[in-house]
Amino acid sequence: MSARAGVAGAAAVCWRRLRLKPLWLLVIWSAFALPWLQRKQAKPGEFYPFSNFPMYSAFTPRTYYVLVTDLEDEPVPVTLLTGKVLSNVKKVYDSELRKVKQASGGEWRVDAMPLEGRVQAGEKVLRWLMAFAREDQLEKLGGLRLKQVDLTWEEGRVKKTMLEAGEARL
Amino acid sequence: VSGLREWLAGVLRFERMRLAPWEVLLGRLGVAAVVWLALDGNSDFTTQDHPNGLARWFDLTWLSNDHVETPLRWGARGCLLAWVLGVPAAFSLALPVWLGIGIFTLRNSQGAIGHSYQVVHLCLLTAWLAGCATLVRRWRGSVPADALTSGQLELDWARQALAAGYVVSAITKLVVSGGWWFRDSQFFALHLVKNNDMQYYGFLDPAALRGEWAAEWMMRQPFLSQVFFGLALPLELLAFLGCWNRRLALFFGAGLVVFHLLVKQLTQLNFEFNMLLLVVLMVNPAWWFWRGLARVARGKQRVG
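Residues numbered from 1 in each chain as written. Chains lettered and ligands numbered in written order. Predicted model: local features only at pLDDT ≥ 70, side-chain atom pairs only at ≥ 80, totals over all residues. Heavy atoms only, no water.

> How would you explain unusual backbone geometry if you had to name every residue and give the values?
All names here are of chain A. Y48 connects to P49 through a cis peptide bond whose omega is 5 degrees. Its place among the elements puts P49 in the loop between β1 (46–47) and β2 (50–51). For L20, which is not a glycine, the phi torsion comes out positive at approximately 60 degrees. By the secondary structure assignment, L20 is in the loop between α1 (3–17) and α2 (21–37). For L20, a relative accessible area of 7% translates into the label buried. Of note in this structure, F53 is not a glycine but carries a positive phi near 45 degrees. Relative accessible area serves as the criterion here: at 9%, F53 is assigned to the buried category. (Helix = DSSP H or I, 4+ residues; strand = E, 2+ residues; numbered from the N terminus. Buried < 20%, exposed > 50% of the residue type's maximum accessible area, 1.4 Å probe, protein only.)

> I'd love a proper account of the packing of helix α6 (residues 118–140) of chain B against helix α7 (residues 150–176) of chain B, names of residues and values included.
Residue and element names in this part refer to chain B. In the contact formed by α6 and α7, the axes pass within 8 Å of each other and the chain directions differ by 145 degrees. Handedness of the α6/α7 crossing: right-handed. Here α6 contributes V119, L122, C123, T126, A127, L129, A130, G131, A133, T134 and R138 to the contact with α7, which in turn contributes S150, L153, E154, W157, A158, A161 and L162. (Axes fitted to C-alpha atoms, helices over the stretch in contact; angles between N-to-C directions. Left-handed = near helix turned anticlockwise from the far one by under 90°. Contact = heavy atoms within 4.5 Å.)

> A description of the interface of chain A and chain B should follow, citing residues and the corresponding values.
The figure often quoted for interface size is the accessible area lost as the parts come together. The interface of chain A with chain B comprises 60 residues on the first partner and 67 residues on the second. Where chain A abuts chain B, roughly 5600 Å² becomes buried across the two surfaces, and 73% of that area is made up of carbon and sulfur atoms. Together, Y48, Y56 and F59 of chain A form the three largest contributors to the area buried by chain A at its contact with chain B, with a combined 17%. One can count one salt bridge joining chain A with chain B. D197 of chain B serves as the salt-bridge partner of K160 of chain A, at 2.7 Å between the closest nitrogen and oxygen. Connecting chain A to chain B are 19 residue pairs in polar contact (both at pLDDT 80 or more). Mapped onto the side of chain A that touches chain B, the elements with two or more residues apiece are α2, β1, β2, β3 (62–69), α3 (78–82), α4 (86–104), β4 (143–154) and β5 (157–169) of chain A. Grouping the constituent residues of the side of chain A that touches chain B by class yields 35 nonpolar, 13 polar and twelve charged. (Buried area = accessible area lost by both parts, 1.4 Å probe. Salt bridge = Lys/Arg side-chain N within 4 Å of Asp/Glu carboxyl O. Polar contact = N/O pair within 3.5 Å; in protein donor to acceptor, adjacent residues only side chain to side chain. Nonpolar A, V, L, I, M, F, W, Y, C, P; charged D, E, K, R; others polar.)

> Before we move on, can you summarise the packing of aromatic side chains with the specific residues and values?
To describe a pair of aromatic rings, one takes the distance between the centres and the angle between the planes. For the coordinates displayed, the defined rule picks out 22 aromatic pairs over all chains. Ring centres of Y48 of chain A and F104 of chain B lie 6.1 Å apart, and the angle between their planes is 20 degrees; this geometry places the pair in the stacked category. You can see Y48 of chain A sitting in the loop between β1 and β2 and its partner F104 of chain B sitting in helix α5 (residues 94–107), one on each of two chains. The burial state of Y48 of chain A is the same as that of F104 of chain B; both residues are buried. Taken together, the ring pairs connect W24 of chain A together with F14, F240 and W244 of chain B into an aromatic cluster. Between the NZ or CZ atom of K84 of chain A and the centre of the ring of F132 of chain A, over which it lies, the distance is 4.1 Å. (Phe/Tyr/Trp six-rings, centres within 6.5 Å; stacked < 30°, edge-to-face > 60°. Lys NZ or Arg CZ within 6 Å of the ring centre and 35° of its normal.)

> Tell me about the pairing of β5 of chain A, and please be specific about residues and values.
Residues and elements named next belong to chain A. Bridge count between β4 and β5: eleven bridges; the pairing is antiparallel. When the bridges of β5 are listed, V149 appears paired with M162. Here β4 folds back onto β5 in antiparallel fashion, the turn holding two residues, of which E155 has a positive phi close to 50 degrees. (Pairing = 2+ DSSP bridges.)

> Can you tell me about the pattern of salt bridges, naming the residues and giving the values?
Per the stated rule, a full pass over the model turns up 16 salt bridges over all chains. A salt bridge links E236 of chain B to K173 of chain B, with the shortest nitrogen-to-oxygen separation between them at 2.8 Å. Note that E236 of chain B is positioned in helix α11 (residues 222–237) and K173 of chain B in helix α7, a separation of 63 residues in sequence. Among the residues examined, K173 of chain B registers a relative accessible area of 7% and is labelled buried. Residues joined in a network through salt bridges with shared partners are D73, R145, K147, E164, E167 and R169 of chain A.

> Which residues make up the side chain of S57 of chain A, and what are the values?
Assignment of secondary structure puts S57 of chain A in the loop between β2 and β3. Given a relative accessible area of 5%, S57 of chain A falls into the buried group. Within the local environment of S57 of chain A, its side chain forms a polar contact with the backbone oxygen of P54 of chain A, the two atoms lying 2.5 Å apart. For S57 of chain A, the contacting residues outside a window of four places in its chain are T172, K173, V176, S177 and W181 of chain B.

Written out as structure tokens, the structure reads:
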């Protein structure tokens, strides 16, 4: 018997004896196979309903979020205005930043994008967001601005830095 | 020592959970109720600019058309009722599974991928596949004598899908953090600040900042973040043991529910579907209640 046949036989025996086969198939598929097959995509491991559940998988000493303001830089309650939560707005902004990065071939981290790229991505996000906004309220505001707030961990304290990330007018 | 070894062997003994018919009925009812909740709402997506999953190959925007979506949602609800009443899963779950996957694929194709509903449709998909497997086995006449019934198998596979999600999540944490997840969890406070601020700026409601104390407290004591998450990682990684026997299912089910509740308090992220499915498929309170009653009744008989 060849070594290959031996290995195949042993694998077959292991498979027969393996308990919880559906569980392990799902684990191998979602944690390893799918992320590898999608390794060149923006979100490897995501194929609804399969996911490798990447949220909170790495706690870095640096992160950021976004917020929406009016044209006077006063914060706007965006969820009340559009029905969209900011975590989703941030995810859309992330996707747009990645697109800008890909298009420009830039080597910077998406969260350290230069102003020009942030504005480009932010405007797209705001146009997308405004389609869900209550028209009467949006008309009063005349337009929206997106801000990126960088959070860094410095000497046991959180430091916040607000950056411009585009504007869209009606 | 030998007593401890015996106890451990008993706890870790693999016992397939052969649910009683009334447990199958309650289990199906519980899973169907969770899917019903997930079917609430109305999607209004006319584009899929960031296609995910099946949307990479198919245009799913037609699912947002109210003339299509509304009857399909009601049809899926009817199918769920049929499943609870005993219509084979291979037929009754087909519409709820594929409608759910379609609608939420479209939702996740807008640029923001959420992770609240995957667990619902993964459990439903595996329950449907279990129904299909039973049907094929019957058709081929290859059902082993000790095989689980269709209802038992559907809930068994759904439980395995639920546990698999946690194991996958733990593996991803280890892979993405390069194995430094425990060390880096000291920075959790930073992400807590992020969540609180996003919640605040969404509504401009100062109540959203009520969790600030936790962030500040964790900043001063980063070791506590490490302890909290240090306990959570093995709980997720070993979640497959929640399919091993009823005692471990109770332990891991209840442990993960408590973990979700703590995370909800800290981050305001609500994984309600995970918690509901953990209660239905792992904790299974009705069986423990019935067992407790049976013990009390036996004790009374002995005394009598």
